[in-house]
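Breakdown of the fold
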Amino acid sequence: MYRISVVLSSILLIVVTLSCKNDDETLELPEPVAITLDADEATVVASANNFTFDLMAAIEKEKPNENFFISSFSIHSVLSMVMNGASEDAQEGFIETLGLSGMSVDSINTSYQSLTEAIYSLDPSITLNIANSNWYSDEYTIDDGFADVLTTYYDSELFERDFGSKTTLDDLNGWVETETNGKIKNILDQISPDEAMFLINAIYFKANWTTQFDKDATTNFPFILTNGQSVDVPMMVSEVKHWWAYDNTLNAQVIEIPYGNENYALTILLPDDASEINNLTAKIEIDELNGTLADSTTFVRDLYLPKFQLDFKTDLLDALVSMGMPLNELTNLFEETVPLKISQVIHQSFLEVNEEGSEAAAATVVGIEVTSLPASTIVNQPFVFLIRERNSGTILFSGKLLDPR
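As the structure is a prediction and not an experimental result, all values here were calculated from the model.

Side note on the overall build of the chain
The secondary structure content of the chain amounts to 9 helices and 14 strands. Scored against the burial criterion, the 405 residues of the chain give a buried share of 50%. Of the accessible surface of the chain, which amounts to about 19,500 Å², a share of 46% is contributed by carbon and sulfur atoms.

Quick look at a negative patch on the surface
Taken together, E88, D89, E92, E96 and E329 make up a surface patch of like negative charges. Among the secondary structure elements, D89 is positioned in helix 3 (residues 88–97).

Topic: the nonpolar core
L55, L79, L320 and I342 are the most contacted members of the largest nonpolar core, which has 80 residues in total. Among the elements that line this core, the one with the most residues is helix 2 (residues 72–83), at 7 residues. Dropping the residues within four chain positions of it, I342 is found in contact with V82, F94, L317, M325, P326, L327, L330, V366, G367 and I368. If you look at the next biggest cluster of nonpolar residues, it comprises 21 residues, including W135, I184, I346 and A363.

As for the environment of S343
Residue placement: S343 occurs in strand 11 (residues 340–353). The exposure class assigned to S343 is buried, which follows from its relative accessible area of 18%. Between the C-alpha atom of S343 and that of L327, which follows or precedes it by 16 residues, the distance is 7.9 Å. Apart from the residues lying within four places of it in its own chain, the contact partners of S343 are E195, L317, G367, I368 and E369. There is a polar contact of 3.2 Å between the side chain of S343 and the side chain of E195.

Describing the pattern of salt bridges
Overall, the coordinates contain 7 salt bridges when judged by the stated rule. Here E369 and K341 are joined by a salt bridge, their closest N and O atoms 3.7 Å apart. Note that E369 is positioned in strand 12 (residues 357–370) and K341 in strand 11, a separation of 28 residues in sequence. When its relative accessible area of 16% is taken as the criterion, E369 is described as buried.

A look at the pairing of strand 3 (residues 157–161)
Of the strand pairs in this sheet, strand 2 (residues 127–137) and strand 3 are connected by 5 bridges, and their pairing is parallel. Residue pairing for strand 3: N134 is matched across the bridge by L158. Taken together, strand 2, helix 5 (residues 144–153) and strand 3 form a β-α-β motif whose crossover is right-handed.

What to know about the environment of A217
Relative to the helices and strands, A217 resides in the loop between strand 4 (195–208) and strand 5 (219–224). The residues touching A217, leaving out its near neighbours within four places in the chain, are M235 and V237.

Details of the pairing of strand 8 (residues 264–271)
Where strand 7 (residues 252–259) and strand 8 come together, 8 bridges link them in antiparallel fashion. Counted as the bridge partner of P258 is A265 from strand 8. Here strand 7 hands over to strand 8 after 4 residues, with G260 in that stretch at a positive phi of 50 degrees.

So, the packing of helix 2 against helix 3
Running from amino to carboxyl end, helix 2 crosses helix 3 at an angle of 165 degrees, the nearest separation of the two axes being 9 Å. If you check the angle between helix 2 and helix 3, you find them roughly antiparallel. Helix 3 is crossed by helix 2, and the crossing has left-handed handedness. Across from L79, V82 and M83 in helix 2, the residues of helix 3 making contact are Q91, F94 and I95. Of the residues assigned to the contact of helix 2 with helix 3, the class counts are 5 nonpolar, 1 polar and no charged.

Section: helix 6 (residues 166–179)
Residues separated by three or four positions in an α-helix point in the same direction, a consequence of the helix having 3.6 residues per turn. For helix 6, built from 14 residues, the straight-helix expectation of 20 Å at 1.5 Å per residue is met to within 8% by its first-to-last C-alpha distance of 20 Å. Listing the buried residues of helix 6 in full gives T168, L169, L172, N173, W175, V176 and E179. Along the axis of helix 6, the buried positions cluster into a sector of 150 degrees, meaning they face one direction only. Facing away from the buried side of helix 6 by over 90 degrees, the exposed positions are K166 and T178.

Each value, and the rule that gives it
- Along every chain, residues carry numbers that run from 1 in the direction the sequence is written.
- Per-residue local features of the predicted model are confined to residues with pLDDT of at least 70, and side-chain atom pairs are confined, for both listing and counting, to 80 or more; whole-chain, interface and lining totals are unaffected and use all residues.
- Side-chain figures throughout are based on the complete set of non-hydrogen atoms in the structure, without hydrogens or water.
- Strands are runs of DSSP state E lasting at least 2 residues, helices are runs of H or I lasting at least 4, and numbering of each runs from the N terminus.
- Three exposure classes are used, based on accessible area relative to the maximum for each residue type with a 1.4 Å probe and protein chains only: buried under 20%, partly exposed in between, and exposed over 50%.
- The accessible surface values rely on the Shrake-Rupley method and a 1.4 Å probe; as for residues, cover is taken only from the protein chains in view.
- Surface patches are defined over residues having more than 30% relative accessible area and no salt bridge, joining like charges when they lie within 9 Å and nonpolar side chains (Val, Leu, Ile, Met, Phe, Trp, Tyr) when within 5 Å.
- By definition here, a salt bridge exists when the distance from a side-chain nitrogen of Lys or Arg to a carboxyl oxygen of Asp or Glu is within 4 Å.
- In this tally, Lys and Arg are treated as positive and Asp and Glu as negative; His is ignored, and so are the chain termini.
- Where a charge lies is defined by one atom per residue type: Lys uses NZ, Arg uses CZ, Asp uses CG and Glu uses CD.
- Buried Ala, Val, Leu, Ile, Met, Phe, Trp, Tyr and Cys residues form a nonpolar core when they are joined through side-chain atoms within 4.5 Å.
- We call two residues contacting when some pair of their heavy atoms lies within 4.5 Å.
- Polar contacts, as counted here, are pairs of nitrogen or oxygen atoms within 3.5 Å of one another; within protein the pair requires one atom able to donate a hydrogen and one able to accept it, and residues that are adjacent in sequence qualify only if both atoms are side-chain atoms.
- The pairing criterion is simple: DSSP has to find at least two bridges between the two strands.
- Here a crossover is taken to be right-handed if, once the strands point away from the viewer, the path from the first strand over the helix to the second is traced clockwise.
- Here an angle of 0 to 180 degrees is reported between the N-to-C directions of two axes, which are lines fitted to C-alpha atoms, with helices fitted over the stretch in contact.
- Oblique is the label for any angle not covered by the other classes, which are roughly parallel (under 35 degrees), roughly antiparallel (over 145) and roughly perpendicular (65 to 115).
- Crossings are classed by handedness, with left-handed meaning an anticlockwise turn of the near helix from the far one by less than a right angle and right-handed meaning a clockwise turn.
- Each residue receives one of three labels: charged for Asp, Glu, Lys and Arg, nonpolar for Ala, Val, Leu, Ile, Met, Phe, Trp, Tyr, Cys and Pro, and polar for the others, Gly being one of them.
- For a helix, the expected span equals 1.5 Å multiplied by the number of residues minus one.
- What the arc measures is the spread of directions leading from the helix axis to the C-beta atoms.

In structure tokens:
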């Protein structure tokens, strides 16, 4: 698994904690690293970013009055893994949901692998961990081709486990907790008897602001809520390097505060009218946003930023289905022929933004359960029956039973 200190690229679109310096200190940081993307990698990046805003808009419809925080990279990654276990028809549904129409499954896999490797080489001052795993019931045999894709392109660990044992739940939750540096705990409450497989992505990010905030300057400051009410919150303020632009389409300021060597940044979209915040995400087009950011101005001036922490957990199943994600036709997960469907997409995240920087973690668990397969085989209603020779398929007798009395 990848475990190297580094920063996240723009495809992650997540924020994450940094260490503090005094005002008179200068951090010795390397220059930003430029990445040259091939056509497939560029498509994956652009599509993953659009996926971010589509998913955010779907979540906003369900939770219009709540804070939320997601790692779209984590969700995109785990759905890409699931895609490889689906039938050819269902794969097209996953590709459409992920915004990758026109790409083949093979090119998506190779692009994920190369992009993930690339972002581990950008900034040694920032900590990044991305980890994938597959947990499957020992009642079944994982498909060799599916297992090979997971280990080759997604660096996934494979765990065959007794799903009836509480130890499995503890081990799975413990794996997520370890890979997120203790920030994501108890992502699953239970493993139901119908569950057959879990695919998991975990991500952890910790970095320093390029210019850090003075802790002594943090003070209570008014924050305007969507209803126009003003409340006092802890506000960090310092003369901080950042980029600023105004997007006329969004009617919003666009502010970027860099981390580390400036490869990564916290990007803020601040609408003119606080009451318009729930309409903002649906209007964002990644190409237009990139253009606005490219035209931004560099400032070193007072920046006011709330100090805050978020904990978020939700089941994204309905939101992803509304975006076109298939639930069934997962025909390539196991060697056995088993009717399967996606039962849950649990996403849990953590974010802290303070004077030192940001720390973030997230994990996504896709649960796969057996369908149409009751615990007992019960023949308790009228049926048609055959007596046949199985090798040749020759039917010797046939009948229909309406009433066994």
